[in-house]
Amino acid sequence: MSILEEKRRVLLTLSHNLGAEHRQLAILGEGNTSTRLSDHSFLVKASGSSLGTLREEDAVECRFDALLPLLDLTEATYEAIDETLFACRMHRGAKKPSIEALFHAWLLSLPEIGFVGHTHPVAVNAILCSPLAESFATRRMCPDEVVCCGPASVFVPYCDPGLALAQAIRDRTNAFIETAGTLPRVILLQNHGIITLASTAAGVEAATYMAVKAAQIFAGAVPLGGPVCISPEQIDRIANRGDEHYRQRALNL
C-alpha cells in the first residue's frame, strides 16, 4: 500500500469517527480533516462533503505551495480564493477543497504535525458562544486534560471562515508557540468550533474527545460556583512528568 493510500485510509477512519452522529461533533457538511503526505502535498476534506460519510473521492490532494502564499496577502476576494482552491488540486478532476484548506495547509506545515481535525462540538460550542470562552481555553481542570489537550489552548476571536480566519489562526498560534515554547494541541475558535492537531490521527481524536469532556465538566461546574482549576505550577508539573510522557507514547498521542 502506498503512502497516499495508507494516509487516505487513516484520514477516512478519523473523519468517520469524528463525524459519528452520537458524538455530536459535526452534522451535514460541518468540520473538516486533513493529513500531510509530504513536504509538497496534503489531503483535505472536499467542500460540501460530510465527515461521517466521507469517501475516497472526498479527500482531495492539494499543493502547499499553491495555498500558503495566500496567507501573506492583506486581502483577497472570495472569487480569487475559489480560483486558488481549484488550482491547488493535484488532479484536475478532483473535487473543490474546503475553504478551510487554507488553515489546514498552514497547520500541517508545522513540525511534527501529521493530522488536523476541525469540528463543531455541541458541548464545546456552548462555551465558545458564551462570555467564558477565553477562560475555558486558557485554564485546565484535570490532569488528563493537560495530557491530551496540552497545558493551554490557543484562543482565536471570531473571524469569518476563509483567509481572515486562517491568518488569525496563524498569528495566534505563532504567539502561543513563542510564549509556551511548544506546539498547541487544541485551537478554540470563538463562536465557531475546535481544531486539534497532532502527529497521529489518534492524537487528534484524543484531544477532541477530551476537550468535549472538559467542556461538559466546565459547564457543569459553572452553576455550582464555577470551575476550580489547577494551578500553572501543577499544570507544568503534569505536562513534564516522565510517566505522563510514557502514557502519551503508549496511547499514540
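Heads up: the structure comes first, above all this text.
Below or above, wherever it landed, is the structure these notes cover. (Residues numbered from 1 in each chain as written. Predicted model: local features only at pLDDT ≥ 70, side-chain atom pairs only at ≥ 80, totals over all residues. Heavy atoms only, no water.)

Before going further, it helps to spend a moment on the nonpolar core. Counting 36 residues, the largest nonpolar core has Leu67, Leu107, Ile169, Ile187 and Ile195 as the members making the most contacts within it. For this core, the element with the most residues is helix H4 (residues 101-108), which contributes seven residues. The contact partners of Leu67, leaving out residues within four places of it in the chain, are Phe42, Thr84, Leu85, Cys88, Ala101, Leu102 and Ala105. Listed in part, the 35 residues of the second largest apolar core include Leu14, Ala137, Phe155 and Val204. (Core = buried A, V, L, I, M, F, W, Y, C linked by side-chain atoms within 4.5 Å. Buried < 20%, exposed > 50% of the residue type's maximum accessible area, 1.4 Å probe, protein only. Helix = DSSP H or I, 4+ residues; strand = E, 2+ residues; numbered from the N terminus. Contact = heavy atoms within 4.5 Å.)

Okay, the pattern of salt bridges next. Scanning the entire structure with this criterion turns up nine salt bridges. The partner of Lys95 in a salt bridge is Asp58, with the nearest N and O atoms 2.6 Å apart. Linking Lys95 in the loop between helix H3 (78-87) and H4 with Asp58 in the loop between strand S2 (41-45) and strand S3 (59-63), this pair joins segments that are 37 residues apart in sequence. The exposure class of Lys95 is partly exposed, given its relative accessible area of 33%. According to the relative accessible area criterion, Asp58 is buried, its value standing at 3%. Beyond isolated ion pairs, a larger network of salt bridges with shared partners links Arg55, Glu57, Asp58 and Lys95. (Salt bridge = Lys/Arg side-chain N within 4 Å of Asp/Glu carboxyl O.)

Take H3 next. Within H3 the residues assigned to the buried category are Ile81, Thr84 and Leu85. Across the axial projection of H3, the buried residues extend over an arc of 100°, all falling on one side. Summarising the geometry of H3, the exposed residues directed more than 90 degrees from the buried face are Glu79 and Glu83. Contacts made by the buried residues of H3 are with helix H2 (64-67), H4 and helix H8 (163-180). (Arc of directions from axis to C-beta.)

Because side chains alternate across strand S6 (residues 186-189), one face comprises the buried residues Val186 and Leu188, and the other comprises Ile187 and Leu189, equally buried. Of the strand pairs in this sheet, strand S5 (residues 154-156) and S6 are connected by three bridges, and their pairing is parallel. Along S6, the bridge assignment pairs Val154 with Ile187. Handedness of the crossover joining S5 and S6 through H8: right-handed. Note: S6 against strand S7 (residues 193-198), four bridges, orientation antiparallel. Within S7, the position partnered with Ile187 by the bridge is Ile195. Hairpin connection of S6 to S7: three residues between the antiparallel strands, including Asn191 at a positive phi of 55°. (Pairing = 2+ DSSP bridges. Right-handed = clockwise from strand over helix to strand, strands pointing away.)

Strand order in this open sheet of seven strands is S3-S2-S1-S4-S7-S6-S5, and the pairing throughout is mixed. The sheet terminates laterally at S3 and S5, the two strands that pair on one side only. For this sheet, the mean inter-axis angle between neighbouring strands, taken without regard to orientation, is 20°. Running at roughly 145° to S7, helix H9 (residues 201-221) makes contact with strand S4 (115-119), S6 and S7 of the sheet. (Axes fitted to C-alpha atoms, helices over the stretch in contact; angles between N-to-C directions.)

So, on to helix H1 (residues 3-18). An ideal rise of 1.5 Å per residue puts 22 Å on 16 residues; H1 measures up with 22 Å between its terminal C-alpha atoms. All of the buried residues along H1 are Arg8, Leu11, Leu12, Leu14, Ser15 and Leu18. The buried residues of H1 occupy an angular sector of 165° when projected down its axis, which confines them to one face. Where H1 is buried, its residues contact strand S1 (32-36), S2, S3, S4 and H9. (Expected span 1.5 Å × (residues − 1).)

At a minimum axis separation of 10 Å, H1 and H9 run at an interaxial angle of 10°. With respect to their mutual orientation, H1 and H9 come out roughly parallel. Crossing handedness for the pair H1 and H9: right-handed. Within the contact between the two elements, H1 uses Val10, Leu14, Asn17 and Leu18 and H9 uses Ala201, Val204, Glu205, Thr208 and Tyr209. Of the residues assigned to the contact of H1 with H9, the class counts are six nonpolar, two polar and one charged. (Parallel < 35°, antiparallel > 145°, perpendicular 65-115°, else oblique. Left-handed = near helix turned anticlockwise from the far one by under 90°. Nonpolar A, V, L, I, M, F, W, Y, C, P; charged D, E, K, R; others polar.)

This is a description of form; function is not addressed.
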